[in-house]
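# Descriptive structure summary
If you want the building blocks of each chain, they are given just below.
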Amino acid sequence: MKNLIIRKASSKDQLALLSLEQKVIEAERPFNNTIKPENAIYYDLNNLVTDDASHLLVAELKGKIIGSGYAQIRESKKSLKHTKHAYLGFMYVEPDYRGLGINKLIMESLLDWSKQQGIFDLYLDVYDENDAAIRAYEKVGFVKSLVEMKINLGV
Ligand SMILES: CC(C)(COP(=O)(O)OP(=O)(O)OC[C@H]1O[C@@H](n2cnc3c(N)ncnc32)[C@H](O)[C@@H]1OP(=O)(O)O)[C@@H](O)C(=O)NCCC(=O)NCCS
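Just so you know, these numbers come straight off a predicted model, no measurement behind them.

## Focus on the overall build of the chain
Tallying secondary structure elements over the chain gives 4 helices and 5 strands in all. Counting helices and strands in the order they occur from the N terminus, the chain gives β-α-α-β-β-β-α-β-α. What you see for the chain is a C-alpha radius of gyration of 16 Å, in line with the 15 Å of a compact globule of 155 residues. For the chain, the C-alpha atoms occupy an extent of roughly 50 × 40 × 30 Å along the three principal directions. Across the 155 residues in the chain, those meeting the buried criterion constitute 24%.

Dropping the structure here:
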């Protein structure tokens, strides 16, 4: 897409990122009725912007941020062959721009960054009913793995 820039987020993007974070939360609300009705927070944005182990990208079109996504290097479980992996999150594209491959561009850039850090194993979490997101991730090569199961014993 002409004029689209994929770039690293900076502290100057904080307001836009806070707004996108709430949009991700709203997008996932239909898939999880235990998300707090208000004041829900998903990310430590300051850490994602400043920490060398994190790479937070934004998609910018004509000065407006329309998409996001991060990779964060984390310690892996001791049972696994790899000692570290990259965890991906904060995947968001404004509704008017979906289906144009913007998330693909963000993810490919995060995959490149991970490889440059010597990290070749990547993980993310996605709700089973979030078909659009699952398709977008499968497009860049992710495959389904662990399934989280849950139960609520309240009344
Ligand atoms: C998930 C999300 C980031 C994907 O972004 P995107 O830029 O539309 O993704 P891409 O264009 O790279 O891939 C989109 C694929 O998803 C599907 N898709 C999802 N929404 C679509 C839409 N509105 N129009 C067309 N295709 C859509 C298509 O299958 C498409 O594949 P195709 O191009 O081969 O047809 C975006 O749908 C989104 O922001 N969703 C709300 C937030 C969210 O659920 N985030 C995921 C948290 S785990």
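## What to know about the nonpolar core
One finds L57, Y70, I106 and L110 to be the most contacted residues of the largest nonpolar core, which totals 25 residues. Here this core gets 6 residues from one element, more than from any other, and that element is strand β4 (residues 84–93). Other than its neighbours up to four places away in sequence, I106 contacts I6, L57, A59, G67 and G69.

## Some remarks on the site of the ligand
Taken together, 19 residues are adjacent to the ligand, and R98, G99, N103, K104 and A132 come closest. When residues of the shell around the ligand are assigned to their parent elements, the largest contribution, 5 residues, is made by helix α4 (residues 131–139). Split into classes, the residues belonging to the shell around the ligand amount to 11 nonpolar, 4 polar and 4 charged.

## A few points about the sheet that holds strand β3 (residues 64–75)
Overall, mixed pairing links the 5 strands, which are arranged β1-β2-β3-β4-β5 in an open sheet. The open sheet has two edge strands, β1 (4–8) and β5 (122–124), and neither has a second partner. Ignoring which end each strand starts from, the neighbouring axes of this sheet average 25° apart. Two strands pair when backbone bridges link them, and β4 and β5 are joined in this way by 3 bridges, in the parallel orientation. What sits directly across from L88, in β5, is L124. Set on the sheet, helix α3 (residues 102–116) makes contact with β1, β2 (54–61), β3, β4 and β5; between it and β3 the angle comes to about 30°.

## Here's the deal with the environment of F142
Inspection of the secondary structure assignment puts F142 in the segment after α4. For F142 and L80, which are 62 residues apart along the polypeptide, the C-alpha to C-alpha distance reads 18 Å. Beyond its immediate chain neighbours, meaning those up to four positions away, F142 contacts L124 and Y137.

## Focus: unusual backbone geometry
One non-glycine residue, N39, lies in positive phi territory at about 60°. Inspection of the secondary structure assignment puts N39 in the loop between α1 (14–28) and α2 (45–50). With phi around 60°, F90 is a residue other than glycine that occupies positive phi space. As for its placement among the helices and strands, F90 is situated in strand β4. F90 sits in the buried class, given 23 other C-beta atoms within 10 Å.

Rules used in this analysis
- Residues numbered from 1 in each chain as written.
- Predicted model: local features only at pLDDT ≥ 70, side-chain atom pairs only at ≥ 80, totals over all residues.
- Helix = DSSP H or I, 4+ residues; strand = E, 2+ residues; numbered from the N terminus.
- Rg over C-alpha atoms; globule rule 2.2 N^0.38 Å.
- Buried ≥ 20, exposed ≤ 12 C-beta atoms within 10 Å, placed from the backbone.
- Core = buried A, V, L, I, M, F, W, Y, C linked by C-beta atoms within 7 Å.
- Contact = placed C-beta atoms within 7 Å.
- Near = placed C-beta within 6 Å.
- Nonpolar A, V, L, I, M, F, W, Y, C, P; charged D, E, K, R; others polar.
- Pairing = 2+ DSSP bridges.
- Axes fitted to C-alpha atoms, helices over the stretch in contact; angles between N-to-C directions.

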